[in-house]
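A structural walkthrough
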Amino acid sequence: MKQIILITGASSGFGLLTARALADAGHTVYASMRDIAGRNAAQAEAVLKESKERNVDLRVVELDVTSDASADAAIEQILKRDGRLDVLVHNAGHMVFGPAEAFTAEQYAQLYDVNVLGTQRVNRAALPAMRRQRRGLLLWVSSSSTRGGTPPFLAPYFAAKAAMDSLAVSYAGELTRWGIETSIMVPGAFTKGTNHFAHAGKPADTAREAEYMEGPYAGMPDKILKGLAALEPADADAAEVARKMVEVVGMPFGKRPFRVHVDPSQDGAEIVNGVADRVRRELFWRAGIEDLLQPRS
């Protein structure tokens with residue numbers, strides 16, 4: 001069934017790949033991005049051109065997840081045009097790379113603002129309409145770093161993704177009685193096919209960073225990145241994340257998986273998440289709230 005879908009952070013990476021794949025599957029897809037009249041103007045134009053050339057329903061909407069007003073305006077625009085919102089894909093995020101100590105507290109706050117608070121802003125804008133519909137899907141793009149092997153120098157990003165994943169898990173139980181499902185997509189460390197690592201932010205305290213880079217951790221960033229790349233199979237394809245999201249969206253109501261791992265490097269997250277999610281289910285049964293594990297039709 002054709003669905004109305006909003007994807008945050010869809011100017012590149014997993015977001016853009018997923019927007020294309022879902023549009024190809026016959027859905028109406030809003031690829032949201034910041035500043036479509038400025039820094040992302042060329043990207044927005046390219047998406048609209050692609051939509052016309054491929055004859056798919058791929059649209060662009062302005063959405064800055066760090067702004068309440070922007071989130072509200074984007075949802076209002078979608079509802080005004082289509083009357084509903086069926087699927088919300090929380091994909092917007094930003095990565096940083098460097099020694100944890102060298103990032104300022106303000107940098108951590110900025111990263112949390114995008115990766116965690118951004119999902120809350122968009123939820124508060126979108127969920128009232130989705131709850132009125134008594135049907136919908138929240139699809140969160142998490143990371144294997146939340147529970148898998150966690151190499152150094154990615155602490156702020158890992159911490160923010162862990163917080164977002166935790167938020168997704170809590171929301172899941174609070175939305176089932178509204179008929180809203182939750183699925184959490186867990187990509188591994190794809191070192192190619194996205195701009196995650198290429199566009200990663202750097203520590204603001206360069207002097208503190210230098211103490212690491214010129215001291216006992218000299219050469220470590222290169223070693224980490226090469227090590228991660230070596231773990232990744234030659235045929236690893238970031239587009240597989242998009243294909244899995246298309247599969248999840250296309251599944252019948254009530255049959256969607258709580259988590260889907262797409263981790264060619266197999267860093268262990270699937271094992272740890274399996275235990276954690278089982279413990280959650282068992283606790284719900286023990287507490288007598290097991291009905292919250294499945295969306296109500």
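What you see is a predicted model; the values in this text were computed from it and never measured. (Residues numbered from 1 in each chain as written. Predicted model: local features only at pLDDT ≥ 70, side-chain atom pairs only at ≥ 80, totals over all residues. Heavy atoms only, no water.)

**Side note on the sheet that holds strand β7 (residues 259-262)**
Pairing is parallel across the open sheet formed by seven strands, whose spatial order is β3-β2-β1-β4-β5-β6-β7. Every other strand in the sheet has two partners, leaving β3 (58-62) and β7 as the edge strands with one partner each. Sheet twist, expressed as the mean angle between neighbouring strand axes with direction ignored, is 20°. Of the pairings in the sheet, the one linking strand β5 (residues 136-141) to strand β6 (residues 180-187) comprises six bridges and is parallel in character. Bridge pairing links Leu-139 to Ser-183 in β6. Along the sheet face, helix α2 (residues 41-54) touches β2 (28-33) and β3 and points at about 155° away from the line of β3. Here helix α9 (residues 269-286) sits on the sheet in contact with β6 and β7, set at roughly 170° to β7. (Pairing = 2+ DSSP bridges. Helix = DSSP H or I, 4+ residues; strand = E, 2+ residues; numbered from the N terminus. Axes fitted to C-alpha atoms, helices over the stretch in contact; angles between N-to-C directions. Contact = heavy atoms within 4.5 Å.)

**Some remarks on helix α1 (residues 13-24)**
Under the 1.5 Å per step criterion, the end-to-end length of α1 is 17 Å for 12 residues, consistent within 8% with the ideal 16 Å. Of all the positions in α1, only Gly-13, Phe-14, Gly-15, Leu-16, Thr-18, Ala-19, Leu-22 and Ala-23 are classed as buried. Buried residues belonging to α1 abut β1 (4-7), β2, α2, β3, β6 and α8 (239-250). Gly-26 sits one or two residues past α1 and shows a positive phi near 100°. (Expected span 1.5 Å × (residues − 1). Buried < 20%, exposed > 50% of the residue type's maximum accessible area, 1.4 Å probe, protein only.)

**Observations concerning the packing of aromatic side chains**
The description of an aromatic ring pair rests on the distance of the ring centres and on the angle between the ring planes. Tallying each qualifying case throughout the model produces six aromatic pairs. With a centroid separation of 6.1 Å and an interplanar angle of 45°, the aromatic rings of Phe-153 and Tyr-217 are classed as tilted. Here Phe-153, found in the loop between β5 and α5 (155-175), pairs with Tyr-217, found in the loop between α6 (206-213) and α7 (220-231); they are 64 residues apart in sequence, far enough to count as distant. Taking the relative accessible area as the measure of exposure, Tyr-217 reaches 36% and is therefore partly exposed. In this arrangement the basic side chain of Arg-131 is found over the ring face of Trp-178, its NZ or CZ atom lying 4.7 Å from the centre. Arg-280 extends its terminal NZ or CZ atom over the ring of Phe-284, reaching a point 4.8 Å from the ring centre. (Phe/Tyr/Trp six-rings, centres within 6.5 Å; stacked < 30°, edge-to-face > 60°. Lys NZ or Arg CZ within 6 Å of the ring centre and 35° of its normal.)

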